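Residue strings, one per chain:
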Amino acid sequence: MTKKPAKAGSKGTPRARTSGQKGSADADGTPQETGKTEDLAPDTMPPGPTMTNNQGVGISDDQNSLKSHVRGPTLLEDIMMREKITHFDHERIPERVVHARGSAAHGFFQVYEDLSDVTMAQLFRDPKIQTPVFVRFSTVAGSRGSTDTPRDVRGFAVKFYTQEGVWDLVGNNMPVFFIQDAIKFPDLIHAVKPEPHNEIPQAQSAHDTFWDFASLTPESAHMLMWVMSDRGIPRSLTTMEGFGVHTFRLVNEDGKSRFVKFHWKPAKGVCSLVWEEAQLISGKDPDFNRRDLYEAIERGDFPEWELGFQIVEEEDEHKFGFDLLDATKIIPEELVPVRKIGKMTLNRNPDNFFAETEQVAFHTGHVVPGIDFTNDPLLQGRLFSYIDTQLRRVGPNFHEIPINRPLVPVDNNQRDGFGRQTINKGKVSYFPNSLGGGCPMHQPGAAAAFRSVALKEPGLKVRERSESFSDHFSQATQFWNSMSDWEKDHIAAAFSFELNQVVDEGVRNRTMNEILVNIAAELAEMVSGATGIEIAPAGTPEAPTPSAPTPSGPLKPNAASLKSPALSMDKPPPTIKGRKIAILGGDGVDDKEVQTALLLYAKEGLVAELIGPHAGAVEGASGKQLKVNRAAPNAPSVVYDAVLVPHGVGPALAAMPLAQRFIHEAYRHGKPVSVASDAGGLLEAAGVPEGDGVVVAEGSELLTGLLENLSQHRFPRRVSVLKPS
Ligand code: HEM
């Protein structure tokens with residue numbers, strides 16, 4: 001019988017812990033045994049040789065229930081069956097009310113230099129320390145089993161297991177939010193979730209209730225621009241930026257506080273899908289982003305992000321023309337540069353999805369000394385919401401679940417509740433006490449003790465929004481102004497797709513005439529052309545607005561000229577490591593060329609796969625058998641980033657509708673296509689012209705040309721998505 005390894009806490013109270021911080025980075029990037037991996041080890045269990053029930057009693061047979069005779073009724077006495085089935089009946093916990101669909105990984109964070117001038121947080125002070133992290137990426141609107149590639153915001157939640165306790169940076173892949181005050185969050189989520197009468201549509205904002213809410217909520221204008229841009233459909237979780245969104249505070253040992261915005265900058269750059277591709281992936285591979293993250297880590301292509309600070313001195317709080325407490329505003333990077341202060345590497349997949357990814361519980365209120373909050377009313381509401389939601393979803397002792405527990409000991413007078421793990425000794429569970437020697441004691445002077453920044457709060461107690469929150473459109477306009485031509489095309493197409501799904505004419509009109517026209521006339525005209533929604537001529541009454549609860553203030557006079565080049569994605573990524581290349585093969589393919597391609601692309605860190613008519617192998621021109629990675633009917637073009645057609649198969653593929661479609665879709669989605677000189681007919685049959693990333697070539701140029709084109713990610717100007725062909 002296999003026994004679970006003894007708990008590490010068996011000798012200590014409440015749990016014997018190692019310091020949790022180990023070692024320094026291996027120069028060759030070998031996965032590090034971080035402190036959290038070691039901490040989790042006693043709770044992990046490989047499958048053992050023999051089966052027991054949950055009390056450790058050996059099981060003779062768990063495939064046949066106990067019956068009164070061989071064809072008789074099952075007996076209530078069958079304790080083995082009842083235990084197995086009741087456990088199964090209770091396997092699910094409530095899914096997250098938002099961000100239910102997620103994927104996660106372990107890793108570590110390391111600061112580049114001592115930042116004690118700005119923060120006393122220990123994880124930012126010692127460049128030798130690797131702080132373990134657990135990161136969960138998520139979509140917002142869909143259920144747990146929904147697709148990875150809807151148009152949506154992505155959650156980017158990082159749990160840092162520091163030597164001073166847990167810090168959760170619970171952010172998104174967009175730096176702003178739909179609403180300014182947390183009290184509106186249930187309304188936003190009710191509007192975007194499937195409509196309550198028929199639970200349709202799943203994981204989509206393209207429906208009446210969302211746009212009804214958005215059209216009545218002008219403060220959402222800036223966030224709508226982000227979600228309708230290609231940022232709403234990331235190519236990979238590893239090609240997304242991350243943002244803490246709110247303005248937080250950094251506090252140093254002297255008690256000096258500064259404002260800070262947190263940024264995650266991906267080493268792989270910011271790259272996205274296109275909308276048609278994202279929709280097709282939803283059907284072909286709903287786990288597309290999850291699979292990509294998992295496989296990258298398994299093959300040692302560890303995703304990395306640099307953490308950046310935008311720091312604003314307290315005395316500069318009011319110099320921006322917008323309010324730092326308003327979560328619908330960014331601080332343009334051109335005004336306050338992002339200072340890169342450290343790097344996060346994800347190097348280990350979870351062992352068990354439920355135990356780790358599902359049970360991890362983030363909370364904006366989990367902070368360590370040196371990090372503090374601001375009065376941002378969205379953040380203030382979140383400080384309440386997350387602990388509340390964790391209590392319901394994972395219970396009052398969620399902090400004791402292995403993935404959530406800090407690396408440092410926990411000691412206080414909280415007791416009992418469902419699932420309590422710690423066996424607190426002694427009779428004292430209150431403070432002050434004399435019977436326990438006063439323990440556990442407060443730590444008023446200790447550096448490790450959290451003390452809130454002391455602030456003066458002048459003013460009247462009111463239920464109001466500050467006037468400084470009232471400009472809802474200037475930064476939405478700034479976003480539009482900062483886009484390249486193809487990015488504008490994609491944004492206008494996204495608004496058009498969504499509004500063409502909306503049935504109610506009042507909602508369509510209001511979105512056009514109270515939101516889009518206030519962002520940019522150009523955007524409104526593009527969307528009007530693609531949706532048939534008329535732009536109300538100046539001076540005519542617009543669609544009626546039934547009591548918009550947050551009236552918008554005037555546009556900034558200079559809004560039309562605002563621009564922040566950092567917002568554009570129109571730049572080649574720093575690396576294309578991890579991109580997937582489809583090599584279309586078949587019997588008679590030039591096997592030497594295929595092998596050279598596989599070697600070359602593997603050397604560049606790319607994932608090249610040979611596609612054949614069926615699984616198994618194809619016979620190359622030299623008679624050699626080549627292993628097929630995927631059968632053509634199971635290998636849609638949308639899950640690849642580029643396509644290569646080697647010599648020897650072009651004429652045969654030209655006659656195959658599946659191959660024509662593969663090439664045509666790759667072309668429509670802006671992907672590099674390189675075909676051998678005998679495959680020109682395939683391009684013709686697929687209706688794909690040469691040029692702009694489509695290459696017909698010979699020899700090494702065929703293989704390297706594809707690489708060069710792939711280094712741009714995509715050729716987004718080939719097809720206007722606004723006017724589908
Ligand atoms: C800046 C705005 C916001 C950001 C960046 C954000 C981010 C996130 C992220 C990343 C998660 C998923 C955590 C995970 O991976 O488990 C999450 C979950 C959640 N958020 Fe937010 N959120 C925001 C606003 C709000 C607001 C205003 C509320 C409520 C007032 C809220 C309530 C929740 C709840 C209830 C969950 C589910 C948590 C769980 O069950 O684990 N969020 N949010």
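Shown above is the structure to which this text applies.
Residues numbered from 1 in each chain as written. Predicted model: local features only at pLDDT ≥ 70, side-chain atom pairs only at ≥ 80, totals over all residues. Heavy atoms only, no water.

Draft legend 1. Just the site of the ligand, in detail. Around the ligand there are 24 residues in total, and Arg 96, Arg 136, Arg 382, Tyr 386 and Arg 393 lie nearest to it. Side-chain polar atom of Arg 96 to an oxygen atom of the ligand: 2.7 Å apart, as the coordinates give it. Contact between the ligand and Gln 390: an oxygen atom at 3.0 Å from a side-chain N or O atom of the residue. Among the secondary structure elements, those contributing two or more residues to the shell around the ligand are β3 (154-162), β4 (165-172) and α9 (377-393). Of the residues forming the shell around the ligand, the biggest block, seven residues, is contributed by α9. (Near = heavy atom within 4 Å. Polar contact = N/O pair within 3.5 Å; in protein donor to acceptor, adjacent residues only side chain to side chain. Helix = DSSP H or I, 4+ residues; strand = E, 2+ residues; numbered from the N terminus.)

Draft legend 2. Structural view of the pairing of strand β18 (residues 694-697). Relative to β18, strand β17 (residues 673-676) is paired through four bridges, and the arrangement is parallel. Along β18, the bridge assignment pairs Ala 676 with Ala 697. Handedness of the crossover joining β17 and β18 through helix α17 (residues 680-686): right-handed. (Pairing = 2+ DSSP bridges. Right-handed = clockwise from strand over helix to strand, strands pointing away.)

Draft legend 3. Representation of empty space enclosed by the protein. Scanning the entire structure with this criterion turns up eight cavities of 30 Å³ or more. By volume, the largest cavity amounts to about 160 Å³. Around the largest cavity, the lining comprises 20 residues; the ones closest to its centre are Pro 175, Phe 243, His 263, Ile 330 and Glu 333. For the lining of the largest cavity, the element with the highest residue contribution is strand β7 (residues 257-266), accounting for four residues. Broken down by class, the residue content of the lining of the largest cavity amounts to 10 nonpolar, four polar and six charged. (1 Å grid on protein atoms, 1.4 Å probe; cavity = no way out; pocket = protein on both sides within 12 Å on 5 of 7 lines; lining within 4 Å. Points joined across faces, edges and corners; volume = space filled by probe spheres on them. Nonpolar A, V, L, I, M, F, W, Y, C, P; charged D, E, K, R; others polar.)

Draft legend 4. Structural detail: the side chain of Asn 397. For Asn 397, the position within the fold is in the loop between α9 and α10 (474-481). Here Asn 397 falls in the buried class, since its relative accessible area comes to 5%. In this structure the side chain of Asn 397 is engaged in a polar contact, spanning 3.0 Å, whose partner is the backbone oxygen of Phe 418. Those residues in contact with Asn 397 that lie beyond four places of it in its chain are Asp 416, Gly 417, Phe 418, Gly 419 and Arg 420. (Buried < 20%, exposed > 50% of the residue type's maximum accessible area, 1.4 Å probe, protein only. Contact = heavy atoms within 4.5 Å.)

Draft legend 5. Main features of the coordination of the iron atom of the ligand. Just one protein ligand coordinates the iron atom of the ligand, and it is Tyr 386 (OH) at 1.8 Å. Positionally, Tyr 386 belongs in helix α9. (Donors = N, O, S within 2.8 Å, 3.2 Å for Na, K, Ca; no water.)

Draft legend 6. Examining the environment of Lys 563 more closely. Its location among the elements puts Lys 563 in the loop between α13 (521-531) and β11 (580-584). Measuring from C-alpha to C-alpha, the distance between Lys 563 and Ser 229 comes to 16 Å, with 334 residues separating the pair along the chain. Not counting the four nearest positions on each side in its chain, Lys 563 is found in contact with Gln 478, Asn 481 and Ser 482.

Draft legend 7. Expanded view of the packing of helix α3 (residues 185-192) against helix α4 (residues 208-215). Packing of α3 against α4 leaves a shortest axis separation of 6 Å and a crossing angle of 145°. Contacts from Asp 187, Leu 188, Ala 191 and Val 192 in α3 reach Thr 209, Phe 210 and Phe 213 in α4. For the contact of α3 with α4, the class distribution of residues is five nonpolar, one polar and one charged. (Axes fitted to C-alpha atoms, helices over the stretch in contact; angles between N-to-C directions.)

Draft legend 8. Geometry of the packing of helix α14 (residues 591-603) against helix α18 (residues 699-710). Packing of α14 against α18 leaves a shortest axis separation of 10 Å and a crossing angle of 30°. Of the two possible hands of crossing, α14 and α18 adopt the one that is right-handed. In contact with Glu 593, Thr 596, Ala 597, Leu 600 and Tyr 601 of α14, α18 contributes Leu 702, Leu 703, Thr 704, Leu 706 and Leu 707. Residues that form the contact of α14 with α18 fall into these classes: seven nonpolar, two polar and one charged. (Left-handed = near helix turned anticlockwise from the far one by under 90°.)

Draft legend 9. Quick peek at the pattern of salt bridges. Under the definition given, this model contains 43 salt bridges. The residue Glu 277 makes a salt bridge to Arg 714 at a minimum N-O spacing of 3.0 Å. Highlighted residues: Glu 277 in helix α6 (residues 275-284) and Arg 714 in the segment after α18, separated in sequence by 437 residues. For the pair shown, Glu 277 and Arg 714 are each scored as buried. With a shortest N-O distance of 3.7 Å, Arg 630 and Glu 609 are connected by a salt bridge. You can see Arg 630 sitting in strand β15 (residues 630-631) and its partner Glu 609 sitting in strand β12 (residues 607-612), a full 21 residues away along the chain. Looking at Arg 630, the relative accessible area reads 23%, which means it is partly exposed. We classify Glu 609 as buried; its relative accessible area is 14%. Connected through salt bridges with shared partners, the residues Arg 235, Glu 277, Asp 292, Asp 641, Lys 671 and Arg 714 form a single ionic network. (Salt bridge = Lys/Arg side-chain N within 4 Å of Asp/Glu carboxyl O.)

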